[in-house]
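What follows is each chain in one-letter form.
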Amino acid sequence: MSPDPRPVTAFGPDFPFPFDDWISHPAGLGRVPPDRLGAEVAVVGAGIAGLVAAYELMRIGLRPVVYEPSHLGGRLRSQPFEGADGIVAELGGMRFPRSSTAFHHYVDLLGLRTEPFPNPLTPAAGSTVIDLHGETFYGRTLDDLPPFFSEVADAWASALEQGAGFGALQEAVRARDTATVKRLWDALVPLWDDRTFYDFVSTSKAFSELSFRHREAFGQVGFGTGGWDSDFPNSMLEILRVVTTACDEDQLLVTGGVEQVPQGLWRRAPDDAVHWPAGTSLASLHGGGTRPGVARIHRVGPHTIRVTDTYGGTRDFPAVLTTCQSWLLSTQIDTVESLFDQDVWMALDRTRYMQSTKTFVMVDRPFWRDTDPATGRDRMSMTLTDRLTRSTYLFDHGPDRPGVICLSYSWMSDSLKMLPYPVEKRVGLALAALRKIYPDVDVAAHVIGDPITVTWESDPHSLGAFKGALPGHYRYNRRMYCHFVQDGLPPARRGIFMAGDDVSWTPAWAEGAVQTALNAVWGIVRHLGGACDPANPGPGDRFDELAPLALPD
């Protein structure tokens, strides 16, 4: 390894295309024929995927028409606390790996600030408490904890190396060695698509030499971002992608709220847009607001797809991009079946979403920084536990400003436990759990303002937080991801595209949404007769070289 290696980025591993280089190249993302300039293209959904695609299509000279039934920003949702300027609860995505370089391209483009996310056992957290089986452990680093926890962390590292050749694969990703990434990853796909994360852990030599308690602790607290057991039923490929591309480490938050990214793209007037006059933005093209939600999508001609909104308005488009969660195409939106073949419909309908609940309170100050005179420790810490709260995060905005506590961040069955309850009950349950860990800390005495909560599976426009692929889902994922390359499709199925983190190989990460949005931009430009500059080939131009492995049926 060189003394100053390149950083690990979200380069593959399924489709190792350098999206960050493509979007920053001075040649731009492509051109459309002059007679297509100003042509309308429908974008269904104003989350990060929809707005990245719309922004880039506008730069190319097309006119995106964005439809959104709910909230501009999608699951990048920063809800302000009433009366507190710039203090928000991050209801959806809140931590963004430094390796997500395509996503951070847009963060930087908008001039937004980032700072380290207060994950467990990181300097940003200050201190961490792990509470398991009624025992509480305090530390600032892993070395401060009992050897048991180092044994768990070492077993995970050994399992990755023994079961997946992790070091060589990540080094190839770091070096952007496409051939080696493809060779190593393509060998892992048939080995681990049909096997669960728990299978990987429990059958590994490293964990099998330890006790069940070690596996149990790994499931409860994990290392880096917290517990992993909600992912135990998922395909191991899902986990290997996360760790290989360093999505589970060196994570950042967007100061002031990540919703500034989609909102900023909506309002930003690029200075290099083709066709449009200076000052043109997505907001100005829409008169300040998106179109309403979509009720129906169907074909009305060989080259025309009609979109009907929820109020009955219709528009015809040569191309449509859907960025909503895939289940909505067969539930909320009457999507004519012939637009996709049955293999794609199978993939869309078999997508499985993970449940997630968060509950936040604002507090008068970051009191957890106070030192307990009896112990010399912080009064409260970032907390991982097997109790109802599971993960508790502390957000410090400075000594003279309110702080925010994510009282509980829970998944799957732990989220379902919260589903029937109003926010007051959720706060009460979380505070009761935390009192067992911190009996001398009166968290409630510091709470100000109204609490904020979200359960993503009860949101009719989301139906879950994000995709979690089960064993055997690789083929489904490939069908969705590769759909942007449409030269081989019959004409009746061309012109409708998909993007979003559930279409990507990395659900739950904004990077996956951005990358699939960029794939769709390439597909739409090609569909309209355009092309990339030869100096900056796009993902479809290199598809034959980089295409994800096709498993036999």
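Quick summary incoming for the structure in this document. (Residues numbered from 1 in each chain as written. Predicted model: local features only at pLDDT ≥ 70, side-chain atom pairs only at ≥ 80, totals over all residues. Heavy atoms only, no water.)

Along the protein chain, the regular secondary structure elements total 18 helices and 22 strands. Computed over C-alpha atoms, the radius of gyration of the protein chain comes to 24 Å, within 12% of the 24 Å expected from 2.2 N^0.38 for 553 residues, which places it in the range of a compact globule. Overall size of the protein chain, expressed as C-alpha extent along the three principal axes, is 75 × 55 × 45 Å. By residue count, 59% of the 553 residues in the protein chain fall in the buried class. Counting contacts in the protein chain only where the partners sit at least 6 residues apart, residues at least 24 apart contribute 73% of the total. Here the protein chain has roughly 21,300 Å² of accessible surface; of this, 51% comes from carbon and sulfur atoms. (Helix = DSSP H or I, 4+ residues; strand = E, 2+ residues; numbered from the N terminus. Rg over C-alpha atoms; globule rule 2.2 N^0.38 Å. Buried < 20%, exposed > 50% of the residue type's maximum accessible area, 1.4 Å probe, protein only. Contact = heavy atoms within 4.5 Å. Areas by Shrake-Rupley, 256 points an atom, 1.4 Å probe, with all protein chains shown as cover.)

On to the sheet that holds strand 9 (residues 251-254). On the basis of which strands lie adjacent, the open sheet formed by three strands has the order 5-9-6 and antiparallel pairing. Sheet topology places strand 5 (96-97) and strand 6 (114-116) at the edges, where each strand pairs with a single neighbour. For strand 6 and strand 9, the ladder comprises three bridges, and the chain directions are antiparallel. Each residue of the ladder has a partner; that of Glu115, found in strand 9, is Leu253. (Pairing = 2+ DSSP bridges.)

Under the defined criterion, the tally for this structure stands at 35 aromatic pairs. Relative to Phe149, the ring of Phe137 has its centre 5.2 Å away and its plane inclined at 70°; by these criteria the two rings are edge-to-face. Here Phe137 is found in strand 8 (residues 135-139), whereas its partner Phe149 is found in helix 4 (residues 147-164), with 12 residues between them in sequence. Neither Phe137 nor Phe149 differs from the other in exposure class; each is buried. A centroid spacing of 5.6 Å and a plane angle of 50° characterise the contact between Phe207 and Phe218, whose relative ring orientation is tilted. Of this pair, Phe207 sits in helix 8 (residues 205-208) while Phe218 is found in helix 9 (residues 212-221), placing the two residues 11 residues apart along the sequence. (Phe/Tyr/Trp six-rings, centres within 6.5 Å; stacked < 30°, edge-to-face > 60°.)

All right, on to the sheet that holds strand 1 (residues 40-44) then. With parallel pairing, four strands are arranged side by side in an open sheet as 2-1-13-22. The strands lining the two open edges of the sheet, one partner per strand, are strand 2 (63-67) and strand 22 (496-498). In this sheet, neighbouring strand axes are inclined to one another by 20° on average, regardless of whether the strands run parallel or antiparallel. Here strand 13 (residues 320-322) pairs with strand 22 via three bridges, running parallel. (Axes fitted to C-alpha atoms, helices over the stretch in contact; angles between N-to-C directions.)

A few words on empty space enclosed by the protein. Considering all chains together, one arrives at seven cavities of 30 Å³ or more under this definition. Estimates place the volume of the largest cavity at around 120 Å³. Lining of the largest cavity is provided by 13 residues; of these, Ala10, Gly12, Trp505, Thr506 and Gln515 occupy positions nearest its centre. A total of three residues in the lining of the largest cavity trace back to one element, the largest contributor, which is helix 17 (residues 510-527). Classifying every residue of the lining of the largest cavity by side-chain character gives five nonpolar, five polar and three charged. (1 Å grid on protein atoms, 1.4 Å probe; cavity = no way out; pocket = protein on both sides within 12 Å on 5 of 7 lines; lining within 4 Å. Points joined across faces, edges and corners; volume = space filled by probe spheres on them. Nonpolar A, V, L, I, M, F, W, Y, C, P; charged D, E, K, R; others polar.)

The next point concerns unusual backbone geometry. The amide bond that connects Gly12 to the next residue, Pro13, takes the cis arrangement and shows omega of 10°. Tracing the sequence through the fold places Pro13 in the segment before helix 1 (19-24). In this structure, Asp250 takes a positive phi of about 50° despite not being glycine. Of the residues examined, Asp250 reaches a relative accessible area of 46% and is grouped as partly exposed.

Further remarks concern the environment of Pro120. Checked against the element boundaries, Pro120 lands in the loop between strand 6 and strand 7 (128-132). The spacing of Pro120 and Gly139 is 19 residues in sequence and 9.4 Å in space, taken between C-alpha atoms. Non-local contacts of Pro120, meaning those with residues more than four positions away in its chain, are made with Thr128, Gly224, Thr225, Gly226, Met382, Leu384 and Tyr393.

Take the pairing of strand 11 (residues 304-309) next. Alignment of strand 10 (residues 294-301) against strand 11, held across six bridges, turns out to be antiparallel. Bridge assignment links Arg296 to a residue of strand 11, and that residue is Thr308. Hairpin remark: strand 10 followed by strand 11, antiparallel, with two residues in the connecting loop. Bridge count for strand 11 against strand 12 (residues 314-317) is four bridges, and the pairing is antiparallel. Each bridged residue has a counterpart across the sheet, and for Ile305 the counterpart in strand 12 is Phe317. Linking strand 11 to strand 12, which pair antiparallel, is a turn of four residues; within it Gly312 sits at a positive phi near 95°.

Turning our attention to the environment of Met354. Relative to the assigned elements, Met354 resides in strand 15 (residues 353-354). Separated by 154 residues in sequence, Met354 and Ala508 have C-alpha atoms that sit 9.5 Å apart. The residues contacting Met354, other than those within four sequence positions of it, are Ser230, Asp231, Asn234, Met412, Gly464, Ala465, Phe466, Lys467 and Gly468.

Let us now look at the packing of helix 4 against helix 10 (residues 236-244). Closest axis-to-axis distance for the helix 4/helix 10 pair is 12 Å, and the angle between their directions is 110°. Classed by the angle they form, the pair helix 4 and helix 10 counts as roughly perpendicular. Considering the relative orientation of helix 4 and helix 10, their crossing is left-handed. Contacts between helix 4 and helix 10 involve Trp156, Leu160 and Ala164 on the former and, on the latter, Met236, Ile239, Leu240 and Val243. Across the contact of helix 4 with helix 10, the residue classes tally to seven nonpolar, no polar and no charged. (Parallel < 35°, antiparallel > 145°, perpendicular 65-115°, else oblique. Left-handed = near helix turned anticlockwise from the far one by under 90°.)

Counted at 1.5 Å a residue, the expected span for helix 6 (residues 178-192) with its 15 residues is 21 Å, and the 21 Å between its end C-alpha atoms agrees. The complete set of buried residues in helix 6 reads Thr178, Thr180, Val181, Lys182, Trp185, Asp186, Leu188, Val189 and Trp192. For helix 6, the elements touching its buried residues are helix 4, helix 5 (166-175), helix 7 (197-203), helix 10, helix 16 (474-481) and helix 18 (543-546). (Expected span 1.5 Å × (residues − 1).)

In this section: the pattern of salt bridges. Evaluation of the coordinates by the stated rule reveals 29 salt bridges. With a closest N to O distance of 3.2 Å, Arg315 and Glu40 form a salt bridge. Highlighted residues: Arg315 in strand 12 and Glu40 in strand 1, separated in sequence by 275 residues. Its salt-bridge partner being Asp459, residue Arg77 comes within 3.8 Å of it at the nearest N-O pair. Taken together, the residues span a long stretch of sequence, with Arg77 in the loop between strand 2 and strand 3 (78-80) and Asp459 in the loop between strand 20 (447-455) and strand 21 (466-467) at a distance of 382 residues. Of the two residues examined, Arg77 and Asp459, each falls in the buried class. Salt bridges here are not isolated pairs; linked through shared partners, they connect Asp229, Arg390, Asp414 and Lys417. (Salt bridge = Lys/Arg side-chain N within 4 Å of Asp/Glu carboxyl O.)

By themselves, these observations are geometric and do not establish any function.
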